[in-house]
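Each chain, letter by letter, is given below.
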Amino acid sequence: MNRSRQGDQLFRELCRDIGADRVHRDGASQLLYSRDGSAFPGGIPGVVCFPETTQHVVDCIKAANRHDRSFVPRGAGTGLAGGAVPCDAPLVISTTKMNSILEVNYEKRFAWVEPGVVNLDLTKSLTGTGFHFAPDPSSQQSCTIGGNVANNSGGPHCLAYGVTNAHILAIEVVLPDGTLVELGDVDGHASGYDLRGVFVGGEGTLGIATRIAVKLTPDPPEICTLLLDFMDVADAAKTVSAIIASGIVPAAIEMMDKRIVNVVEEFVKVGYPTDAAAVLIIEVDGLPKGVKIEVERIQSISLEHGARSVRVASSDEEREQIWKGRKSAFGAVAQIQPGYYLHDTVIPRTKLVEVLEAVYEIANRYELIVMNVFHAGDGNLHPLLVFDPQVPGIMERVLAAGEEIVQVSLDAGGVLSGEHGIGLEKKRFMEKLFSEEDLAAQKLLKDAFDPDGRANPFKVLPSGASCGEVNHLNQLPDGAWV
Amino acid sequence: MGMNDLEDFRESVGESGPVAVVGGRTHWTVGGNPTDDTRLVSAPVGIDSFDPSEMTVSVKAGTTLKDLNEELSRYRQEVCLEGSSETTVGGALMIGTDGIRRNLIGSVRETLLQAEYVDAKGKLIKAGGPTVKNVTGYDLCRLLVGSLGTLGLVGRVILRTRPQSEKSVWLQGGLQPEEARHVCFQPSSLLWNGKETFIQLEGYGIDVDSEVLKLKNLGYEEMGTKCPISIPRFRHKFVNGMCLDGGIVDVYSSILYKSTEAAEPQHSNEVVRLGNKVRTMFDPSGRLNPGRDPYRAGP
């Protein structure tokens, strides 16, 4: 049977199995689900499904298997590494309609949620209960918990609280052969191999999560936010290292350089010092007296390392104002240039000074504007190259500069990604970090979960095959978050 | 072992024949004993590098927790691994069980950032990365923790460290677990013997003192820095209403510590089938720690 007729048959079977209103293959849907928040132009999905139950997901995967089709799990599509880009006309399985909070157990501190629950909706539903879900990626107003699981998402407050993997206790998963399995347990100590732990961050290549038990973290009794400004970026970076070296692990340490501070201040007017070379936003939390001690120590350390001023938020409103600037950064960038390309690498936090200097040098050499707004506390860089895509030859310069930034990060002892994942974007760099044998070991895990290679193919691990044109970045993201 | 000790370790593991690493033998029987024909080798020993301002340490798997903690405590740091003084770093990771302070210091699974291990073919493989945050590829470190050495034999690791608490104190009192857990913010441990609860508080001295006062007002007695009760060796899964039978419950993780061995844990067939597929992929001939099975280990 040719692929077109096979597609018709698959479509009919899906309509029969999960209901015709949950199966789309019109042009608008195919266009809409052809890409994610990344720079990749994307492929074309075969059929887009919107399951509402675990059984629907099982039915979707079994139908795909009957017709030898691959499938791509998809949450809100906010990913920045091309992880949800459909390659080879797969079934796109969107979990956005599986969006219920199923159970909240305050005594044992967990909640069962469906994968399509939006991160911020979960946070809002917990407001006032004394608990929260700690991962807070900057896309939290639209990204889903299922997407957070797939990408092992981070966020500013993951410095002290850990990334998503530390906050997922158990996951109900439909494996690529259609088998339903529950990985982990709500007590957080299932024996046997930590299959839950490797599923988180699997970028949808190991199966689809249909129910997720998240850990509820107690709200801290006291929170204090500081805004520090520096006349030299290196002093700000040295302050970050000095704070960690002193034994303080704040809830968050974010850095913004002069260019992004100016753009943000122009956009939202939150009172950032526009003449500073860099600002740090630092948040500490815990019991009140310990918070006071840490605030005083951070003030002292930062002044010793060249801080010009330290502003301590004196009210919730002031605290929210300080964070508003940080969270508006990517919206603000659109005010100065229509395009940007956002990188994500991690370096040892003691190498911040030298790597930031190298990033500026690379951007200057390629005559590009770079802005830095990133999670400094855990060394998670996000150099943001902003440009006008209409300028001839600009993409070549952007890509070449980006590749050098990745190399500089690796040379400093860093890794390829701290929270965006590998997806399509960085699989070509994997061999820079891992040997052939190391990558073969990772492939063993993929093969154990997905021997036929049907779950989100062409992602994460380098392979001879490519996903159409997706190995070549030739378009720009419409929006992006860190 | 000298400069090339990882290479020496790789050679000692070799490419064929049943093999296991012997550490401090403090958890030797967990998940079953290795078969009689298993050749025992030792992992290399020593701390390769420790940068307190990075909060990571590179250490060889045969190093004892005692030696590692002595070095880290010089800089008022620690790792989230618990065991006796003879327990090795590799042993604690391969067993992978969390201690009673998990509520404060986190899980062993969060601690392992990078591992260099010898695979079933005798090749040296690197998993994970050296930084404190990393989503580069599949996280095989997660898989190695708690694997009882059935997927690879670990030679060297990079671990996340954390600051030691300024003050630590235990208290003993009469509140039941469901009441006790709400009195203080994030105690590091909460144990229950069926009659009384035992609470460990850690943090800045000034905060700990305030929390201690709250508990003393509820009739609790300060018991010093060491755990006031002896914790039996075997871990059972605790379910509300279960008879403690002389055991001690870790309230936050629902583990019942008893002096008698637990029955083999129950797992779904699908989970065991998937786990065994993983094992077979990593070790097709079954030469790594034969006789041991992570699914027979307790919680």
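Calculation criteria
Residues numbered from 1 in each chain as written. Chains lettered and ligands numbered in written order. Predicted model: local features only at pLDDT ≥ 70, side-chain atom pairs only at ≥ 80, totals over all residues. Heavy atoms only, no water. Helix = DSSP H or I, 4+ residues; strand = E, 2+ residues; numbered from the N terminus. Rg over C-alpha atoms; globule rule 2.2 N^0.38 Å. Buried < 20%, exposed > 50% of the residue type's maximum accessible area, 1.4 Å probe, protein only. Contact = heavy atoms within 4.5 Å. Lys, Arg positive; Asp, Glu negative; His and termini not counted. Charge placed at Lys NZ, Arg CZ, Asp CG, Glu CD. Salt bridge = Lys/Arg side-chain N within 4 Å of Asp/Glu carboxyl O. Buried area = accessible area lost by both parts, 1.4 Å probe. Polar contact = N/O pair within 3.5 Å; in protein donor to acceptor, adjacent residues only side chain to side chain. Pairing = 2+ DSSP bridges. Axes fitted to C-alpha atoms, helices over the stretch in contact; angles between N-to-C directions.

Colleague: Can you walk me through the overall build of chain A in this structure?
Modeller: The number of helices and strands found in chain A is 16 helices and 20 strands. For chain A, the C-alpha radius of gyration of 23 Å lies close to 23 Å, the compact-globule estimate for 482 residues. A principal-axis box enclosing the C-alpha atoms of chain A has dimensions of 70 × 60 × 45 Å. Burial status across chain A gives 63% buried among its 482 residues. Pairs at least 24 apart in sequence give 73% of the contacts found in chain A among residues at least 6 apart. Here chain A carries 43 positive and 63 negative side-chain charges, and the mean point of each set is 3 Å from the other.

Colleague: What is the right way to look at the pattern of salt bridges in this model?
Modeller: When the charged atoms of two side chains lie near each other, side chains of opposite charge can form a pair. Residue and element names in this part refer to chain A. Per the stated rule, a full pass over the model turns up 47 salt bridges over all chains. Of the charged contacts, one joins Arg-326 and Glu-254 as a salt bridge, the two residues approaching to 2.8 Å between their closest N and O atoms. With Arg-326 in helix H11 (residues 316-327) and Glu-254 in strand E13 (residues 252-257), this pair connects stretches of sequence that are 72 residues apart. Residue class for Arg-326 comes out buried when judged on its relative accessible area of 1%. Overall, Glu-254 belongs to the buried group, its relative accessible area being 0%.

Colleague: Quick question: what am I supposed to make of the interface of chain B and chain A here?
Modeller: Accessible area lost on assembly of the parts is the figure often given for the size of an interface. Contacts between the two partners involve 66 residues from chain B and, on the opposite side, 85 residues from chain A. Regarding the contact of chain B and chain A, the summed buried area is about 6000 Å², with carbon and sulfur atoms giving 61% of it. Sorting the residues of chain B by area buried against chain A places Lys133(B), Val135(B) and Tyr138(B) first, and these three jointly supply 16% of that buried surface. Of the charged contacts in the structure, one is a salt bridge between Arg181(B) and Glu107(A), with a shortest N-O distance of 3.6 Å. Counting the contacts that link chain B with chain A gives 26 residue pairs in polar contact (both at pLDDT 80 or more). Sorting the residues of the side of chain B that touches chain A by element identifies helix H4 (102-105), strand E7 (124-128), helix H5 (140-144), helix H7 (205-216) and helix H8 (269-282) of chain B as the ones contributing at least two each. The element contributing the most residues to the side of chain B that touches chain A is H8(B), with 9 residues.

Colleague: Would you mind showing me how to read the sheet that holds E13(A) here?
Modeller: Hydrogen bonds between backbone atoms are what pair the strands of a sheet, whose relative direction is either parallel or antiparallel. Residues and elements named next belong to chain A. Taken together, 7 strands build an open sheet; the order of strands is E15-E12-E14-E13-E18-E20-E16 and the sheet is antiparallel. Where the open sheet ends on each side, the last strands, each with one partner, are strand E15 (307-312) and strand E16 (339-342). For this sheet, the mean angle separating the axes of adjacent strands, direction not counted, is 20 degrees. Summarising the sheet, strand E12 (residues 222-230) and E15 pair through 5 bridges and their orientation is antiparallel. Paired with Asp-229 across the strands is Ser-309, a residue of E15. Each of E13, strand E14 (278-286), strand E18 (369-374) and strand E20 (383-387) touches helix H9 (residues 258-268); the most contacted strand, E13, lies at about 90 degrees to it. Against the sheet, helix H14 (residues 394-411) touches E16 and E20, its axis set at about 170 degrees to E20.

Bear in mind that shape data such as this cannot, by itself, settle questions of function.
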